[in-house]
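# Understanding the architecture of this molecule
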Amino acid sequence: MISLRNSGIAFLILVANVQAAVSSTGFTVSLTDIDYFLPPKPVAIIAGCDQIKAAFADGPFVPFTVVKIADHCTLDVSSITAKYTEEDDVWQEGFLDALYVKGGSVCNISTTVITGTVSGELKPGPYFINAAGQVYEAWRLYSDVTGAFTESAIANGDGSYSVLPAGIMGQKLALAVPSRLYFEKTNAKPLAGVRIGIKDIYDIKGLRTSNGNRAWYWLYPPAMSTATPVQNLINAGAIIVGKMITSQFANGETATADWVDYHESFNPRGDGYQDTSSSSAGGGAGTAAYAWLDVSLGSDTGGSVRGPSQVQGLFGNRPSHDLVTLEHTMPMAPVLDTAGLIARDPLIWKAAAQAMYGSKFTASNTYPSSIKTLAWPTEADSVANKLLIDFLANVTDFLSANTTAYNVTASWETDNPTLEPLSAMMNLTYAILITKQQTALVRELFLKDYAAKYDGRTPFINPVPLARWSWGDNQTATLEEGIANKTAFMAWANSTFLTPSAESCSESLVMYVGSTGRTNYRNVYLDEPGVPLGWGNSRISIFSEAPDFVVPIGEAPYNSTITNHVEYLPVTANFMAAKGCDGMLFSLVSDMHEAGILKKALAGKSGVTGGETLYRRGL
């Protein structure tokens, strides 16, 4: 049974000298209780398809499936059903109401077979046809129940995008995804059909950008250009499904306590009420929650890709600095900003990275034989520590490597006896760089433009960016001093433990602990927001401009105060290498996946076993 829930039909109204142009924005239909969006433009017309005329008594559209066969009378409907069900989340058996067969004729099947002359291309997969013979693609609608998206999107066909004009049950946005059966990957389109969500700091032509701020969203018009990282993905065939939640102006915010203009997305792992980490909160939550979403594009200035990847057990990367340019992207600190990707499947992750980073992605399958560990556990006194120890042993064996413990701060003091200890020299550096640069590049422009439009008023700004910018205003340390500290550390790090190698790109693989299954409940009240001071392992790649990758290795149990039950949260590890060795790290992760050392993360309650999240059902 198919029912039409909403539609628009192009026509012209002339009444009392008033002319109104009405155009279709697409159609929303339901087939066996599954909702679909039909883009406004038909992809083909089938003339003379009289076989299904009677079916239009039940509604304006008839579902059908396009199949391709090689020989006469070779169609096996049961095998088609099994194949399409396994490969595609859009196709369902309701599309077997009728078949259109390419490449031959069929015999002895009970399903109606559509015949007629086709104008336009029909690829295998599910479609809807109307009484005029117009054929529309089937895009399945999913509800964003985890709150990962700020806006859904649909391509207009001219390089621009519009907000998806559809909604379904679920208390959140509806996102539309096309059938995977429509796409075939090629050398020119390696991401054909790959579904990607975009952090809402990247411009997409035709859509507004919010940067996590409601006033910003409405103050500025839709973007006239698309950010370079996004355009590179589109050029490779990716399907952009929407903009994703970010903490305000990409500053680090904690769920519930700090989020005011928008609500932080929900981490699907464990009890469903752990912090998602930010600022790429939507990308982490959506990728972890939805099997229908393949990749998310985030940004990492101080950990905004790595944090969400760690707490949701996903593959995520902070790339070498300047691996892709960031035109039409909101800056936090250009000397630190990078574009990174979050994914469940390391092979799709790698393919997306190759497409986005382009010629700067240098693949290498020769790996370091030296591993340096930073504060790695040595005793298996917890589930997380045992996973980490076992993982290190597997990596060491895989690389036939020598492993040594390395202390960054102690080595700095040994090599630089006349300089300040690293923890002292770098204590303010990150905070100075982000506050001084974002104040000049974002805040001042925003305040000026808002005041000009609204009679001198100031817009609302969340507590965290407000506190950080205010702190920066009162600091005597300069941006130049912050850059000098960063440069000094980079020169030292890249000549000691992150040294390049002509043979293996990087002399050593550096490993540190990502996440250990610790809780961070979103319903716990916090203190006033502070400034990101201090030093830690996660800051090494920020200042050295080296790549830093998160890989999921398992999960650890905890007693949830939400469910009063044992739940599980991710355990992850981080890999670092010399600057420019991103391709080597992606290849290493892919090869370890092939060897069974690393596994795909699953969508849902657990990255290891999957399962339905505790706050949603049946999606």
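Residues numbered from 1 in each chain as written. Predicted model: local features only at pLDDT ≥ 70, side-chain atom pairs only at ≥ 80, totals over all residues. Heavy atoms only, no water.

### Observations concerning the sheet that holds strand β10 (residues 117-120)
Spatial strand order, β9-β8-β7-β11-β12-β6-β10: 7 strands in an open sheet with mixed pairing. Bordering the open sheet on either side are β9 (112-114) and β10, each of which pairs with just one other strand. Each neighbouring strand pair of the sheet contributes to a mean axis angle of 35°, computed without reference to strand direction. When strand β7 (residues 61-68) meets strand β8 (residues 98-102), the two strands line up parallel, connected through 4 bridges. (Pairing = 2+ DSSP bridges. Helix = DSSP H or I, 4+ residues; strand = E, 2+ residues; numbered from the N terminus. Axes fitted to C-alpha atoms, helices over the stretch in contact; angles between N-to-C directions.)

### Brief notes about the environment of Ala44
Note that Ala44 resides in strand β6 (residues 44-47). Relative accessible area serves as the criterion here: at 4%, Ala44 is assigned to the buried category. Once the C-alpha coordinates of Ala44 and Val77 are considered, the two residues, 33 residues apart in sequence, prove to be 24 Å apart. Apart from residues lying up to four places away in sequence, Ala44 is in contact with Val118, Ser119, Gly120, Glu121, Leu122, Gly133, Gln134 and Val135. (Buried < 20%, exposed > 50% of the residue type's maximum accessible area, 1.4 Å probe, protein only. Contact = heavy atoms within 4.5 Å.)

### Concerning the sheet that holds strand β27 (residues 509-516)
Overall, mixed pairing links the 11 strands, which are arranged β14-β19-β18-β20-β22-β21-β28-β29-β27-β23-β24 in an open sheet. Two strands in the sheet have a free side with no partner beyond their single neighbour: β14 (149-152) and β24 (402-405). Strand-to-strand, the axes of this sheet are offset by a mean angle of 30°, without reference to chain direction. For strand β18 (residues 195-199) and strand β20 (residues 295-299), the ladder comprises 3 bridges, and the chain directions are parallel. When the bridges of β20 are listed, Ile196 appears paired with Val295. Docked against the sheet, helix α6 (residues 346-357) engages β20, β21 (315-318), β22 (339-343) and β28 (548-559), running at close to 160° with respect to β22.

### Concerning the domain arrangement of the protein chain
When the parts of a complex come together, some accessible area is lost, and that lost area is often taken as the interface size. The domain boundaries assigned to the protein chain delineate domain 1 (27-137) and domain 2 (141-361 + 607-616). Computed from C-alpha coordinates alone, the two centres of domain 1 and domain 2 are separated by 32 Å. Buried surface at the junction of domain 1 and domain 2, summed over both partners, amounts to about 1300 Å²; 59% is from carbon and sulfur atoms. The three residues of domain 1 that bury the most area against domain 2 are Asp35, Phe37 and Asp89, which together make up 40% of that side's buried surface. The residue Asp89 makes a salt bridge to Arg195 at a minimum N-O spacing of 2.8 Å. The tally of links from domain 1 across to domain 2 stands at 6 residue pairs in polar contact (both at pLDDT 80 or more). When contributions to the side of domain 1 that touches domain 2 are tallied by element, the ones reaching two or more residues are β5 (34-38), α1 (77-87) and β11 (125-130). Its residues assigned to classes, the side of domain 1 that touches domain 2 comprises 8 nonpolar, 2 polar and 7 charged. (Domains from an automatic or database assignment. Buried area = accessible area lost by both parts, 1.4 Å probe. Salt bridge = Lys/Arg side-chain N within 4 Å of Asp/Glu carboxyl O. Polar contact = N/O pair within 3.5 Å; in protein donor to acceptor, adjacent residues only side chain to side chain. Nonpolar A, V, L, I, M, F, W, Y, C, P; charged D, E, K, R; others polar.)

### Some words on the packing of aromatic side chains
Per the stated rule, a full pass over the model turns up 35 aromatic pairs. With a centroid separation of 4.6 Å and an interplanar angle of 40°, the aromatic rings of Tyr450 and Tyr454 are classed as tilted. Residue class for Tyr454 comes out partly exposed when judged on its relative accessible area of 31%. Grouping aromatic residues by their ring pairs yields a cluster made of Trp216, Tyr220, Phe249, Phe446, Tyr450, Tyr454 and Trp469. Arg208 extends its terminal NZ or CZ atom over the ring of Tyr217, reaching a point 5.8 Å from the ring centre. Directly above the ring of Phe266 sits Arg522, whose terminal nitrogen or CZ lies 3.9 Å from the centroid. (Phe/Tyr/Trp six-rings, centres within 6.5 Å; stacked < 30°, edge-to-face > 60°. Lys NZ or Arg CZ within 6 Å of the ring centre and 35° of its normal.)

### Quick word on the pairing of β28
Among the 12 residues in β28, 10 count as buried, and that is most of the element. Pairing of β21 with β28, which is carried by 3 bridges, proceeds in the antiparallel orientation. Residue Gly316 lies in a different strand from β28, and its bridge partner there is Val550. Bridging between β28 and strand β29 (residues 566-576) involves 11 bridges; their strand directions are antiparallel. Directly across from Val551, in β29, lies its bridge partner Ala573.

### With respect to the UniProt feature "domain: Amidase" (unreviewed entry) in the protein chain
As annotated by UniProt and renumbered to match this structure, "domain: Amidase" (unreviewed entry) occupies residues 185-363. Summarising residues 185-363: 23% helix, 14% strand, and an end-to-end C-alpha distance of 20 Å. (UniProt positions renumbered as here; feature names shortened; annotations may be inferred.)

### Quick word on helix α8 (residues 408-415)
Within α8, the full set of buried residues consists of Val408, Ser411 and Trp412. Buried residues in α8, looked at end-on, bunch into an arc of 105°, giving them a common side. (Arc of directions from axis to C-beta.)

### Comments concerning the packing of α6 against helix α14 (residues 582-594)
Contact pair α6 / α14: the axes reach a minimum separation of 9 Å and the direction vectors enclose 160°. The angle between α6 and α14 places the two elements in the roughly antiparallel class. Crossing hand, α6 versus α14: left-handed. Together, Pro346, Leu347, Trp349, Lys350, Ala353 and Tyr357 of α6 and Phe586, Ser587, Val589, Ser590 and His593 of α14 make up the contact between the two elements. When the residues that make up the contact of α6 with α14 are grouped by side-chain class, the tally is 7 nonpolar, 3 polar and 1 charged. (Parallel < 35°, antiparallel > 145°, perpendicular 65-115°, else oblique. Left-handed = near helix turned anticlockwise from the far one by under 90°.)

### Details of the side chain of Glu555
When you line up the elements, Glu555 lands in strand β28. Although Glu555 lies buried, it forms no salt bridge, and the closest oppositely charged side chain, Arg269, sits 7.0 Å away as judged by the N-O distance. Looking at Glu555, its side chain comes within polar contact range of the side chain of Ser606, at 2.8 Å. (Lys, Arg positive; Asp, Glu negative; His and termini not counted.)

### Observations regarding helix α3 (residues 228-235)
Of the residues making up α3, those classed as buried are Pro229, Val230, Leu233 and Ile234. Axial view of α3: buried residues confined to an arc of 135°, hence all on one face. The elements touched by buried residues of α3 are β16 (161-162), β18, β19 (239-244), β20, β22 and α6.

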